[in-house]
Every structure is written in structure tokens, then in C-alpha cells.
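Single-letter residue listing:
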Amino acid sequence: MHPHLLSVDSLSRDHVDHLLRVAARMEPIAQRRKVTRVLEGAVLGNLFFEASTRTRVSFNAAFCRLGGSVCDTTGFTFSSMAKGESLYDTSRVMSGYCDAIVMRHPEQGSVAEFAAATHVPVINGGDGPGEHPSQALLDLYTIDKEFTRLGKSLADAHILLTGDLKYGRTVHSLIKLLSLYAPMRLTLVAPPGLEMPSHLVDLVSDRGHRVEQRDTLASDFRDLDVVYTTRIQKERFTAEMSEGFSLSRDFTVDRVFLDQRCGRDTIVMHPLPRDSRPDANDLDVDLNGDPRLAIFRQTDNGIPVRMAIFATLLEVESLIERDLRDVRWFVPAKFGVDDAAF
Amino acid sequence: MHPHLLSVDSLSRDHVDHLLRVAARMEPIAQRRKVTRVLEGAVLGNLFFEASTRTRVSFNAAFCRLGGSVCDTTGFTFSSMAKGESLYDTSRVMSGYCDAIVMRHPEQGSVAEFAAATHVPVINGGDGPGEHPSQALLDLYTIDKEFTRLGKSLADAHILLTGDLKYGRTVHSLIKLLSLYAPMRLTLVAPPGLEMPSHLVDLVSDRGHRVEQRDTLASDFRDLDVVYTTRIQKERFTAEMSEGFSLSRDFTVDRVFLDQRCGRDTIVMHPLPRDSRPDANDLDVDLNGDPRLAIFRQTDNGIPVRMAIFATLLEVESLIERDLRDVRWFVPAKFGVDDAAF
Amino acid sequence: MHPHLLSVDSLSRDHVDHLLRVAARMEPIAQRRKVTRVLEGAVLGNLFFEASTRTRVSFNAAFCRLGGSVCDTTGFTFSSMAKGESLYDTSRVMSGYCDAIVMRHPEQGSVAEFAAATHVPVINGGDGPGEHPSQALLDLYTIDKEFTRLGKSLADAHILLTGDLKYGRTVHSLIKLLSLYAPMRLTLVAPPGLEMPSHLVDLVSDRGHRVEQRDTLASDFRDLDVVYTTRIQKERFTAEMSEGFSLSRDFTVDRVFLDQRCGRDTIVMHPLPRDSRPDANDLDVDLNGDPRLAIFRQTDNGIPVRMAIFATLLEVESLIERDLRDVRWFVPAKFGVDDAAF
């Protein structure tokens, strides 16, 4: 595997398959039936130059569950960078302290620049409008795991991506990963001005997938396997764009949409967080408790997938099985009160 | 035990007794003579939406001393909640990452709302004017431990609560816990306008305790066993209330008060932090070094009590004795330079 | 050893020698060939009242590599201190939670005041214009280690200190430590107004070292063993001082200076961070990749030196050799892409 994980573009089908297999082997640990200490003594530098509590805690917990220790940094500035330190120096210094580095930064390309100065494995935890490869991997892992449960396969699957397809880096990375697999049917529904960039539509078409673009959810999607909906990343907009833009309720995925336009086992995904405020035009809360709502199984999958990323980059994936012990503390049968029992 | 620890109201006398017994069994670890790794592999989400360094570090250290790993979050906003994420979603997402969650939040009821969405044990680390049950438990544990040392018993004890009894949630929770025990004598001394709420006075009276309310410390308290003094939580006041309010030195507990009006083994407690600035009207620093000043033994007790809370919620309390090893590093005979040698 | 590490002034030659020997024994762990768990169960309070991400992570990682757990606090205020809590109370409270404490604080003397209230070992991680003893120790350790590699000795070494010698606490502490060793030649080059304080020049002279002071780097230094350059700590200046002050390029150490005025094995050191912005008048980036540039080996040395400080204060240095295990995860042969292969 490449020494860093900076972009899904660097991942071959074989790489992705390997990561998904390793993630599946992490499930007993992620589900807290087993404990491993394989990374005991290793130190993760978890560098968040941009706030993202969820992603930070997910990487942190994944590293801890492999037995390692984590040094977190948060806040928009690294104190030494405020004093004019280059990313080159910061990277090289942190490399002397840590065995692996997760970095999130608001500027596109900054994580790659950081990674260029070090041989310590660096994972891109999101670089502004750029990449967030672990999110794409956990999304793909979720689809694969849900399909296995439902007896489905990626071949000929019908996946709907909707919401902000222009600025949502999540859907860009996911569509690239999906394109590596058996030909499937991808329907892209976005309001005018927020369509999927054409080079990505072309890439997916060129790889043999059927792509259809629409500007409304008011259609029949009864053969849908997955609805992947994204929120409008308002912070990506300039003031002018926001002014002229208003999302109608037509783009909201809710119980009515799912009951009337989708199948009985269509799963609903979302990269989270979702905006649950009134008039947010985000995934509706009326699906909470519906077993088709896979968003929390999806976020749960962040743990085995990030464990797999660490285990693969640090080359311990073959050591873990030998190192497992039973969990000794209380673990609830279901983590959430509305979790489906499959 | 209840799957969460949200309020002292949910605790029966049996629950409290069990927690205190488990805390006592944690003492060899808390005093750093022994080490356990019983929670190795477990992850605590230590979520502080309101700054409270002391409480955060205390929970963190307690979990570490059981062998677990801790993911801290600090700061008034959770980045995803700033984007409109509901407590329901935040709770369910964190439940997929963590084995236990401590949450502190400025809004009353928020921790209970958070806990309602998860089966992972949640501990209320303070929700504004609401509850802070681990503080009340460590206060009760301190009284019990000091009484054992002094050959006293809770039955017929005389406990003085003074300071801000209206807004101090600490004294509200403590008085509820005390009321579960053998009838005792409670004297409540507060300036006008800051008296203990009447429903709490009634509750304690109804349970058979003798309650006396006064508006001055200028009395004879020679049979006092405990003086529990609290600071004025100025941040709880509105601007108007602050204006019209001034505490006289008559409410300050100091060496003169203790020597002239209390007994030789009256212990002094305080929830800390105390305001040591001049004119703060808080517990005087002239008692530093006096063995009757129990405030640092009290804060030390936060470790075994919080270990007991984790051990009980995570159901490992019976495993710890088998798992003890000797500490190998230097541990000072006394932690503080003024600590009494008992 | 003294129970705290507050200042290099408290360190005898024997203390320093012992620390350097222990640091050398930590190298297999610091270089990630070996793992120890000797501090398993111990808790470090890593209290940063002033931002210093690098120093914080370095102490954190060093403690983790000994097997301990770390509770970090960051931010300019401790929440309880903002409410009027004294350093005495904060210190005593933290002593009940932690086995060792690192403290960084913007006010000179504050760490010593904090340490005076506790028997738990306290390490000064920098107190404003005061002391930062672990930096001085890692600087000395670096010189010693580089000299061993080059077959040199401290006796008769020629060391150039340049930059801001008035406000740079790093060079003050380093020169004190160097003065404990065999007579050497120290050349001090600073712009007018930023010279080394005369009491330090006197101290070093009195201990038998040859000291020469100059106001320009435009000289022949072909027999130099070490160039130690520091940045201008602009945040130490008052507005007026900054106004009247401008550093010429004459004080910049770069490849031309090193090639024309130094020897083939002169090493270049810097306490970091360096300001890499144009016109920063700091150590030039054109030396990146040059094996004489020791700045990243120097910062790497922070790990074994800080491990040695912890191991010595916590009296576990003799236990570590028995406790070593092999690292099982991937470790790059070189941490940085430009690291020299010696």
C-alpha cells in the first residue's frame, strides 16, 4: 500500500478490496466483543487544524482500539505555524514524535504538502474542498455490508445520490470508489447549479456505469437500493450564491418519499452531520427508528474502516487475530435506542 | 444499577451504599499503590461543552487508572452541533465510538436528552443549574471516610451548609443524598435571598432530619461535625441580582470561625474551586495546612468515586481485585506540601 | 534527583550526566525499535496555559512511549483559575489526579509557585521569559550525540550562538549547561541591543571558558563545531522596541554562510520553530536536506530526553531495560524525506 492515504484517486480496486476485507476482520473489536493491543506503544498525532469533532473522535477511538495512544491537537492554528513555521517543518517535527498522523486542514492540498515532508504514514482527514478518503471508504464499506445482509450485490445496484452534488466532496469521492466496481446504475438528483461536476459524470460513464441526471426527486425509484443524501454545505458558498439559491422541499428525503417512491429495503445514507433544524432541507428526522435508515450504522462503520486504514498503513493487519482477547466490561446489545435488530 | 448516572434522584440508598463500597475498594489504585488494566481497550468520550478543567481531568484520570483510553472534547460548541446537529444524532454517533460518555453542558436537561438516545452509559458531569451527581457522591464519600477516621457515624451528625444555598447545585444534590441516611441535624446558613429552596428543606424534614435555618454564622456551633461552605456562583446571577447583593464577611469560614465556634475535629469542606482573590468572600486561605481543612482530601476522593461510577456502570467492579499489580514508579507519601499525616 | 525540574540552575554536572546517560538508553524506544510499558497506569497532567503545540505533543508522546496516559489541558486560562482559584489550589488539586505534571505558563515564576504546593514531580515546560530546562537538556544532548558521531569532544569545542541572545531563554539555559563542561570556546554574535546578558557572559568566563562577542556574522569561522541560531522572539518586544529595530540579512545563517565561513562538519542547530516566511531573518530553508542541518535530529532528541526526565523523576530508569519488547508495526527507516543517512 502507498505509505500515505491522501486521496481515493491513489487507491486501486485491489487496495480498496484489501481495506474492506481488513475492516471486516476488525468488526469483533469495533463491536466491542474483542480487544487487541497490537499498536501498544504507538503514538498517533491527530492534527485537526479545522474543527471536526466527530472525525477527530472517530480516528482517535479507532487508534485506541488497536492499543495505541493519541496526541490530539485542535484549533484553527498550530501555535508554531502562527509564528511562520512551514508545513515542511511542522511535518518533519511531528514525524519525530508520532508513528502515524491524521491531518485535517481547511486548505486543499495542505495535507499532501504536509505528507511530502515525511515518511511517517499520513492520513488525509479532510482538506477543505479536497479529499476525505476515509469517509468514502466507510461509505463504500457500508453499502457492501448492507448489501451482504440483504443478499444483494454491487453488480446492477441502483444508487441514488442527491442533495448538493457540486460542492459535496463526499459524493465525489464515493462515486470514484463505486466506479471501480461492477457496472451499476447511478441516478444523480440535484437542484440546478448544484449538479455533479461533469468530469466525474464522464469518469463514471467511461467506466461502464449507467448514469442518469435529474433535477427532482418527484419520480418513481422503486428499484432503488441506496439513497445517499447530502446536506447543503452552506459554508462552501459565497454570499452571492447563497442569496440566489433556495432548496425546495422537493429535495428532502423523508418517510413519505421512502414509502411512496422507494423499495422496502432501500437503505438511506448520509455523511452526517445532518441539520435537524426546521427548514434545514436535510434528511428528515421522521425516519429515525426506521430500519432502512442506515446513517448510524454508516457512522459506526467509521471505526472498523479507520482501524483497517491504520492497521494497513502500519502493517499490523496480520497480527491482530493472534492478539485478540474478550472484552470484560458491559457492552449494550444495541448502541442506540432506535437501532434495528437484524 | 441504572444504565446512566444522570441525577442523584435516581439513586436509592442501596445504590449509593454500593457505590461507596466500590469506591473504597478503589483506594489502593487511587492512592497509587496498585494498578489495574481492567478497562484496557475501552474508550471514554469525555464531552465538555462547558469548560471545567478540574472535573474533566478527574474523570479522565479515573478512567485511565482503570486502564481505559479517553477522547476529550472541549469548547462551548461541538463542531457538528454548530451545523444544526441534534443532541439525538450527536449522542447516537458518539455511542458508536465510545464505551462510556461523560457529558457536561451549560443547559439543564441536555445531558438527559443526550442519554435518552443511547444505550451506552452516560454520566452527567454537570448540566448548568441542574445536576452534578458525581460531585455529590464524592462529598458524601468524604464525610463517610472522615467520620470513619474520626470514629464518628452519620447518625446524629451535625452538618452545617453555608454560602449560596439557592443556586449552588452542589448543596442541593448533597442534601438529597444525606437525607437517605440516619436522621441527622442540618443547619443551613445563607444570606437573605440565597436560602435553600423550600422544597428541599421540606424533603429533608419529611425524611426525619432536624433542619434549622439561620442568616448568620455568628452563633455557637461547638458540636459541628462538618462545615460545608460554597462560593457564590456569580455566573448564575443576572446583572440586576448582582447589583443589589453584597455578602458580608460574616459568611466567611476562616480560622477564627473554626477556632471560636467549632470543635477540634470539625472538618471543613468546599466543592472547589474557591475564589482566593481578596474580598472574594470565599473560604479563607488561612486554614491551609490545618488538618481540619478537608477540601483537598475531598477533591482527591473524586478519583475513587469516579472510578467506582465507571466500574459499576461498566460492570467490572468484581474483576478489579484479581487484576491488581504493584505500582512501580515513585509516589510521594503526601501529594500536597501541607497535607495532614493521619 | 530534585523532586521537580524547574530550572537548569538546580542541575549539577552529575545530574546532567545522569540524565544524558538515561536519555541514551531511551534511544531504542524513541527510535521505535522497542516498546516499554513501565509507566502503565501512571497519569501525566500536561498543563499548557500558553499554546506550544510542539512542546505539548513532545512531552505527551514521551510519556506515552513509557506506557503512561496523558491528560492534556490547553488554552490561556484554566477554567477554575478564571474563577479566582490560586495556583496553590490548582496545584494541590491536580496532584490528587496525576503522577507527574508538566506546566507551561506565560508568567515567569508561576511554575515554581505551582511546584511549591505539591510533592508530585513538576516539570517546567516554559514559563515566559523564565526557564525551559528540557529544551536546554535536549540541546546539550544533541551536541553530545552529534560530537560522538563525528568523533569530537566537548573539550575545546567552538560553539557559535547567534540571533536574539538577549531575550532567547533557550540560549541562556544552554550556555549555563555548557558551562558545566570542559572549557570550550563560545562565540556570541548578536545585533546591537540583543546581546547576551552580561551576568551570563561573566558566569561562563568565570568557569574557564573562552568567550568572544561580535556584532556580525561576516567573519571566518572555519573551526566552528556548532552554529546555534535563534529566531527573534518578536512577541517578547514592546511595540517601541520593535519599531526601532531591524535585523539585516547579515545575521541569517544559510548555505552561503555555512559553505564559505564554516567547516565541512559544522552542525547547525535551532530551537524551532523557525520562521520560514520571506524576510523573516531566520535560519534559511536552503539548508534543508544538508546533513549539517541538525535541527530535526535536535527536535527528535526531545523524545529520549523527555523520557529520561520522566523516568528519572519517577524513578523507573533502572526498570526499563527489563521491560522492553520489539515494536511490531511499520517504522520508516528515516522519518523525514531529507534526513541524512549516517
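Residues numbered from 1 in each chain as written. Chains lettered and ligands numbered in written order. Predicted model: local features only at pLDDT ≥ 70, side-chain atom pairs only at ≥ 80, totals over all residues.

Trainee: A description of the relation of the copies chain A and chain C should follow, citing residues and the corresponding values.
Mentor: Laying chain A over chain C is done by rotating through 120° and shifting 0.0 Å along the axis; what remains is an RMSD of 0.0 Å. In short, the pair behaves as if placed about a three-fold rotation axis. Of the C-alpha atoms belonging to chain A, the one lying closest to the rotation axis is found on A:Ser69, 4.6 Å away. (Least-squares fit on C-alpha atoms with pLDDT ≥ 70 in both.)

Trainee: Please provide a residue-by-residue account of the sheet that holds strand S5 (residues 122-127) of chain B, values included.
Mentor: Residues and elements named next belong to chain B. A sheet is described by the order of its strands in space; here 4 strands give the open sequence S3-S2-S4-S5, paired in parallel fashion. Of all the strands in the sheet, the pair left with one neighbour each is strand S3 (69-73) and S5. Going from strand to strand, the sheet's axes swing by 15° on average, the running direction of each strand aside. By the bridge criterion, 5 bridges tie strand S2 (residues 43-48) to strand S4 (residues 100-105) in an arrangement that is parallel. Within the sheet, the bridge partner assigned to Leu47 lies in S4 and is Met103. (Pairing = 2+ DSSP bridges. Helix = DSSP H or I, 4+ residues; strand = E, 2+ residues; numbered from the N terminus. Axes fitted to C-alpha atoms, helices over the stretch in contact; angles between N-to-C directions.)

Trainee: Can you lay out the environment of A:Ala42 for me, pointing to particular residues and giving the numbers?
Mentor: Tracing the chain through its elements places A:Ala42 in the loop between strand S1 (34-35) and strand S2 (43-48). Considering only alpha carbons, one finds A:Ala42 and A:His158, 116 residues apart in sequence, at a separation of 42 Å. With near-sequence residues (within four places) excluded, A:Ala42 lies in contact with A:Gly68, A:Asp99, A:Leu314 and C:Trp329. (Contact = placed C-beta atoms within 7 Å.)

Trainee: Account for the sheet that holds strand S10 (residues 267-269) of chain C, with residues named and values stated.
Mentor: Residues and elements named next belong to chain C. Reading across the sheet, the 5 strands line up as S8-S7-S6-S9-S10 and stay open at both edges, with parallel pairing between neighbours. Strand pairing shows two members of the sheet lacking a second neighbour, strand S8 (210-214) and S10, which therefore form its edges. With strand direction ignored, the average angle separating the axes of adjacent strands in the sheet is 15°.

Trainee: How would you summarise the packing of helix H1 (residues 13-30) of chain C against helix H12 (residues 302-313) of chain C if you had to cite specific residues and measurements?
Mentor: For any two helices packed against each other, one specifies the inter-axial angle together with the distance between the axes. Residue and element names in this part refer to chain C. Running from N to C, H1 and H12 cross one another at 120°; their axes reach a closest spacing of 7 Å. Crossing of H1 over H12 shows right-handed handedness. Listed contacts from H12 to His18, Leu19, Val22, Ala23, Met26, Glu27, Ile29 and Ala30 of H1 are Ile303, Pro304, Val305, Met307, Ala308, Ile309, Ala311 and Thr312. Taken together, the residues of the contact of H1 with H12 break down into 13 nonpolar, 2 polar and 1 charged. (Left-handed = near helix turned anticlockwise from the far one by under 90°. Nonpolar A, V, L, I, M, F, W, Y, C, P; charged D, E, K, R; others polar.)

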